[in-house]
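These are the residues of each chain, in order.
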Amino acid sequence: MKQLIKVVLQPIHKDATLRVTEPRVFSNHVAVEFKRFEMNKNDSYQNYIELMAVNFEDQTTLFNFVVKQGNGVKGLIDSGMSCVPKPFIQPLSERIATPNARTCEAAQPIDLSQLDGPHHKEVTKQIVKASETLGVFQVVNHGVSLELLELLKTSAHEFFAQPPEKKAIYLKEVSPSKLVKYGTSFVPEKEKAIEWKDYVSMLYTNDREALQHWPRPCRDVALEFLKSSMEMVKRVVEVLMENIGVRLEEGRMNGLMGTKMVNMNYYPTCPSPELTIGVGRHSDMGMLTVLLQDGIGGLYVKLDNGEWAEIPPLDGALVVNVGDTLQILSNGRYKSAEHRVRTTNMGSRVSIPIFTAPNPSEKIGPLPEVVKRDGVARYKELLFQDYMYNFFGQPHDGKKSLDFARAD
Ligand SMILES: O=C(O)CCC(=O)C(=O)O
Ligand SMILES: [Fe+2]
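Model, not experiment: these values are computed from the prediction. (Residues numbered from 1 in each chain as written. Chains lettered and ligands numbered in written order. Predicted model: local features only at pLDDT ≥ 70, side-chain atom pairs only at ≥ 80, totals over all residues.)

**What about the site of ligand 1?**
The condition that has to hold: Residues are classed as near a molecule or strand if the C-beta position derived from their backbone is within 6 Å of it. The helix count covers DSSP runs of H or I at least four residues long, the strand count covers runs of E at least two residues long, and both are numbered beginning at the N terminus. Polarity classes work like this: nonpolar for Ala, Val, Leu, Ile, Met, Phe, Trp, Tyr, Cys and Pro, charged for Asp, Glu, Lys and Arg, and polar for all others, with Gly in that last group.
Looking at ligand 1, the residues that line it are Asn263, Asn265, Val279, Asp284, Leu291, Gln293, Leu299, His339, Val341, Ser351 and Pro353. For the shell around ligand 1, the elements supplying multiple residues, two or more each, are strand E10 (259-267), strand E12 (288-293), strand E16 (339-341) and strand E17 (349-357). Taken together, the residues of the shell around ligand 1 break down into five nonpolar, five polar and one charged.

**A few points about the sheet that holds strand E14 (residues 308-310)**
To keep things clear, this is the line we draw: Here a strand pair is declared whenever DSSP counts at least two bridges between the two strands. To define axes, lines are fitted to C-alpha atoms, for helices over the stretch in contact only, and angles between the resulting N-to-C directions are given on a 0 to 180 degree scale.
The sheet built from four strands is open, its strands ordered E11-E16-E13-E14 with antiparallel pairing. Of all strands in the sheet, those bounded by a partner on one side alone are strand E11 (279-282) and E14. Recorded for the sheet is a direction-independent mean angle of 25° between the axes of neighbouring strands. Summarising the sheet, strand E13 (residues 299-302) and E14 pair through three bridges and their orientation is antiparallel. Across the sheet, the residue bridging to Tyr300 is Glu310, located in E14.

**A closer look at the confidence of the model for the protein**
Rule in force here: Each residue carries a pLDDT score, the predictor's own confidence in it, on a scale running from 0 to 100. The contact rule is simple: place each C-beta atom from the backbone, and if two of them lie within 7 Å, those residues are in contact.
Per-chain confidence: the protein averages 89 in pLDDT, with 86% of residues scoring 70 or above. Of the regions scoring below 50 in pLDDT, residues 19-39 engages in 41 contacts with residues more than four places distant in sequence or in other chains. Low pLDDT (under 50) marks residues 41-52, which in the prediction has 19 contacts with non-local residues, meaning those over four places away or in another chain. Overall fold confidence (pTM) sits at 0.88, and the ipTM for the predicted complex is 0.99.

**Examining the nonpolar core**
In plain terms, the rule: Each nonpolar core comprises buried Ala, Val, Leu, Ile, Met, Phe, Trp, Tyr and Cys residues, the members being joined through C-beta atoms within 7 Å. With C-beta atoms placed from the backbone, a residue counts as buried when 20 or more other C-beta atoms lie within 10 Å of its own, as exposed when 12 or fewer do, and as partly exposed for counts between those limits.
Within the largest apolar cluster, 86 residues are counted, with the highest numbers of intra-cluster contacts made by Val136, Ala156, Phe225, Met264, Leu318 and Val320. The element best represented in this core is helix H7 (residues 216-243), accounting for ten residues. Among residues more than four places away in sequence, those in contact with Val320 are Val136, Phe137, Val139, Val236, Leu288 and Val290.

**Looking at the sheet that holds E17**
Here eight strands make up an open sheet; going across it, the order is E6-E7-E15-E12-E17-E10-E9-E8 and the pairing mixed. Lying at the two open borders of the sheet, with one neighbouring strand each, are strand E6 (110-111) and strand E8 (180-184).

**Quick notes on the environment of Pro188**
Position of Pro188 among the secondary structure elements: in the loop between E8 and strand E9 (198-204). Owing to 17 C-beta atoms within 10 Å, Pro188 belongs among the partly exposed residues under this scheme. Spatially, the C-alpha atoms of Pro188 and Glu249 are 40 Å apart, while their sequence positions differ by 61 residues. Excluding residues within four positions of it along the chain, Pro188 makes contact with Val67 and Ile194.

**Observations regarding the packing of helix H3 (residues 120-132) against H7**
We count it as follows: In what follows, roughly perpendicular refers to angles from 65 to 115 degrees, roughly parallel to angles under 35, roughly antiparallel to angles over 145, and oblique to any angle outside these ranges.
At a minimum axis distance of 10 Å, the contact between H3 and H7 shows a crossing angle of 80°. Between H3 and H7, the interaxial angle falls into the category roughly perpendicular. Residues Thr124, Ile127, Val128 and Ser131 of H3 lie in contact with H7, whose contacting residues are Val236, Val239, Leu240 and Asn243. Across the contact of H3 with H7, the residue classes break down as five nonpolar, three polar and no charged.

**Thoughts on unusual backbone geometry**
Of note, the phi angle at Asn141 is positive, near 50°, even though the residue is not glycine. Checked against the element boundaries, Asn141 lands in the loop between strand E7 (136-140) and helix H4 (146-161). By the C-beta count within 10 Å, which is 15 here, Asn141 ends up partly exposed.

**As for helix H1 (residues 59-68)**
The cut-off we apply is this: It is the directions from the helix axis to the C-beta atoms whose arc is reported.
Every buried residue belonging to H1 is among Leu62, Phe65 and Val66, and all of these are buried. Taken down its axis, H1 places every buried residue within 85° of arc, on the same side.

**Quick word on the packing of H4 against H7**
Note the threshold: By convention, the crossing between two helices is left-handed when the near helix turns anticlockwise from the far helix through less than a right angle, and right-handed when the turn is clockwise.
The N-to-C vectors of H4 and H7 enclose an angle of 145°; their axes lie 9 Å apart at closest approach. Seen along the crossing, H4 lies across H7 with a hand that is left-handed. From H4, Leu148, Leu151, Leu152, Ser155, Ala156, Glu158 and Phe159 reach across to H7, where they touch Pro217, Cys218, Val221, Glu224, Phe225 and Ser228. Split by residue class, the contact of H4 with H7 holds nine nonpolar, two polar and two charged.

Written out as structure tokens, the structure reads:
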């Protein structure tokens, strides 16, 4: 909504020029953008300035400010907003009432340096058990340097600390590269309530394109993270495949792991965390996700009994979770993790996931070896691009995404 507000200026001297470009807040719900103003020497000392007022009580204006113009949830908080606006208020069923102190098996990390040594069997067992039950575990000695983990968190903060106009160039409608997308929430146009999260995602094709197109504050560390974790991801997939009697040829393995993407998530501090969510209940669509979270915490996974447990931040550890594709390939033996993120008023949280998924043109469906043993295929065979298209077309809704692939 545009409003004309009259303001009486008392210039310091006759040729005063007012240069205020940052949005400011006059009250809880009005942000004001000043336009450059130059005194007309012939005018009297009293003058008017046209102000553009953004009324955050108007939901369309708020949506445009946050989502369409790319100010993000961070822009809202930076403008002085001290309460949660309506479009972010979750229905009761989705809210996380009290921070749940309960933790789960994933509190005990798996030591990957032991995978190819005398403890191979034991470590394999731990990975398999976690993938068959929770769908998530944490790993240490994963081959990614601890310095890099620190740098990743710093550069995520650096990216989001930039002024909105620097980030908004990567909004999907205008981004100079198809590889990079910046935004807020998951599918904000379709959601009942918007998630309290800004993100930037960087799709990997090759090193040259990553260095050319990924945003400067994070490209080098994000690329290093991707490259130094990929060996570990492939090894974990191999272990899980071996366990179900499957040996993937190199070409098929590369096809199933052909899509790689690094995201940086930013969850601004939230004035009323009990009303919002950082990310709603969902599973990831791909093979495996590797995630670095900072020390703030708030990542929850759903247990078999329907309760939620926190995956506690562990210094130097990475979270690994099973995605829908791996559930489909294994005919349901491995479970994609249903997870969600709570918000907090303790500070802004960052997390950096790497998603691995099949090439769009790759066929996915239960692997023949497993179907033969199970005597039934629980999922259909389909092109990964169809699964992906459906996944990104719906708001987060737990593991409903898998229904798309279920055998009739
Ligand atoms: O921030 C987190 O801890 C999890 C983020 C997540 O689930 C996702 O980006 O898919
Ligand atoms: Fe996720």
